[in-house]
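Coordinate inspection notes
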Amino acid sequence: MDQQLIALASGLGASLGLIIAIGAQNVHVLRQGMRREHVGLVIAICAVSDALLETAGVAGLGAVISGIPWLEAVARWGGALFLLVYAALAARRAWRGDDRLELTPEPVGEGRAAPGAPAGTAVARRSASALSVAGTTLAITWLNPHVYLDTVVLLGSVSTGFADDRWWFLAGSIAGSVVWFTALGLGARLLAPVLRTRRAWRILDAGIAAVMLAIAIALVAG
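The structure reproduced in this document is the subject of the present report. (Residues numbered from 1 in each chain as written. Predicted model: local features only at pLDDT ≥ 70, side-chain atom pairs only at ≥ 80, totals over all residues. Heavy atoms only, no water.)

Some remarks on the environment of Val211
By the secondary structure assignment, Val211 is in helix α9 (residues 198-221). Residue classification places Val211 among the partly exposed positions, given a relative accessible area of 33%. Distance from Val211 to Leu16, taken between C-alpha atoms, is 9.4 Å for residues 195 residues apart in sequence. (Helix = DSSP H or I, 4+ residues; strand = E, 2+ residues; numbered from the N terminus. Buried < 20%, exposed > 50% of the residue type's maximum accessible area, 1.4 Å probe, protein only.)

A few points about α9
Its 24 residues place the ends of α9 35 Å apart at the C-alpha level, agreeing with the 34 Å of an ideal helix rising 1.5 Å per residue. All of the buried residues in α9 are Ala200, Trp201, Asp205, Ile208, Ala209, Met212, Ile215, Ala216 and Leu219. Buried residues along α9 sit in contact with α1 (2-19), α4 (70-96), α6 (145-159) and α8 (188-195). (Expected span 1.5 Å × (residues − 1). Contact = heavy atoms within 4.5 Å.)

Some thoughts on unusual backbone geometry
Its identity is not glycine, yet Arg36 carries a phi of approximately 60 degrees, on the positive side. Structurally, the position occupied by Arg36 is in the loop between α2 (24-35) and α3 (39-67). At His38, a position not held by glycine, the phi torsion is positive, near 50 degrees. Mapped onto the elements of the fold, His38 is located in the loop between α2 and α3.

Notes on the pattern of salt bridges
Where charged atoms from two side chains of opposite charge come close, those side chains can pair. For the structure on display, the rule yields 2 salt bridges. Its salt-bridge partner being Glu37, residue Arg35 comes within 3.5 Å of it at the nearest N-O pair. We classify Arg35 as buried; its relative accessible area is 17%. The shortest N-O distance in the salt bridge between Arg93 and Asp205 comes to 3.1 Å. Of this pair, Arg93 sits in helix α4 while Asp205 sits in helix α9, and the two are 112 residues apart along the sequence. Here Arg93 falls in the partly exposed class, since its relative accessible area comes to 26%. (Salt bridge = Lys/Arg side-chain N within 4 Å of Asp/Glu carboxyl O.)

Topic: the nonpolar core
With 36 residues, the main nonpolar core has Val158, Phe169, Phe181 and Met212 as its most contacted residues. Listed by contribution, the elements that provide at least two residues to this core are α1, α2, α3, α4, α6, α7 (166-186), α8 and α9. The element contributing the most residues to this core is α9, with 7 residues. Among residues more than four places away in sequence, those in contact with Met212 are Ala14, Gly17, Leu18, Leu83, Tyr86 and Ala87. (Core = buried A, V, L, I, M, F, W, Y, C linked by side-chain atoms within 4.5 Å.)

Some thoughts on the side chain of Asp165
Looking at the element boundaries, Asp165 is found in the loop between α6 and α7. Among buried charged residues, Asp165 stands out as having no salt bridge; its nearest opposite-charge side chain is Arg166, 9.0 Å away. With residues up to four places along the chain from it excluded, the contact list for Asp165 reads Gln3, Gln4 and Ala7. (Lys, Arg positive; Asp, Glu negative; His and termini not counted.)

Thoughts on the packing of α1 against α6
Put simply, α1 and α6 touch, their axes get as near as 11 Å, and they point 145 degrees apart. You can see that α1 and α6 cross each other, and the crossing is right-handed. For the pair formed by α1 and α6, the contact residues are Ala14, Ser15 and Leu18 on the first element and Asp150, Leu154 and Leu155 on the second. Tallied by class, residues from the contact of α1 with α6 come to 4 nonpolar, 1 polar and 1 charged. (Axes fitted to C-alpha atoms, helices over the stretch in contact; angles between N-to-C directions. Left-handed = near helix turned anticlockwise from the far one by under 90°. Nonpolar A, V, L, I, M, F, W, Y, C, P; charged D, E, K, R; others polar.)

Quick look at the packing of α6 against α7
Look at α6 against α7: their axes get within 9 Å of each other, and the N-to-C directions meet at 140 degrees. Taken together, α6 and α7 sit at an angle that is classed as oblique. Counting all contacts with α6, which are made through Leu155, Val158 and Ser159, the residues of α7 involved are Arg166, Phe169 and Ser173. A breakdown of the residues in the contact of α6 with α7 according to their chemical character gives 3 nonpolar, 2 polar and 1 charged. (Parallel < 35°, antiparallel > 145°, perpendicular 65-115°, else oblique.)

What about the environment of Leu186?
Along the chain, Leu186 turns up in helix α7. Assessed through its relative accessible area of 64%, Leu186 is described here as exposed. Sequence separation between Leu186 and Gly33 is 153 residues; the distance between their C-alpha atoms is 6.0 Å. Contacts of Leu186, omitting those with residues within four sequence positions, involve Val39 and Ile43.

Purely spatial values, then, with no claim about function.
In structure tokens:
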């Protein structure tokens, strides 16, 4: 049971470490959360997409490696090396403090007044349709090459180090995606001002570096 909990926690940590970064998908979720437009739909698409990709990585690479025993050691050490590189990059970002989030959503309930309207005239902002929001979310998620590297390749490779417990790793990684996108979408109004600061991202990157280093050590030691 201890190994299963380690695998579960490792999947959760690895997933969060990869997701928490400045990128188009996170900015999109934040914007929709601040606009309060189809937030549940956006969260569901992002979380389900991640779950499908993570499952493909864990199941696919696991099946390949199970048929070629020596690949297990290669995947274990390769995954650990990948995590160490990622930890080093996160530590570098934390040290330099270059990251910050640029987010300029259109205010909720406001829009442009018609030409010739008196100054101060407020008009209702036209809401985007659910279909339009869904299409944008799917495009941002599935047309991003980086998402395949993170979910299918990296998480799939790391999961092989947990052998039969890799399904617990998968459960943890899916939980990480669900938790992050839910918090980002529903807590957008609270998180956006914080995530605009370099200090917040330095703290997040330092935490990511520590988590990735710990998982790499556990992967090799296991």
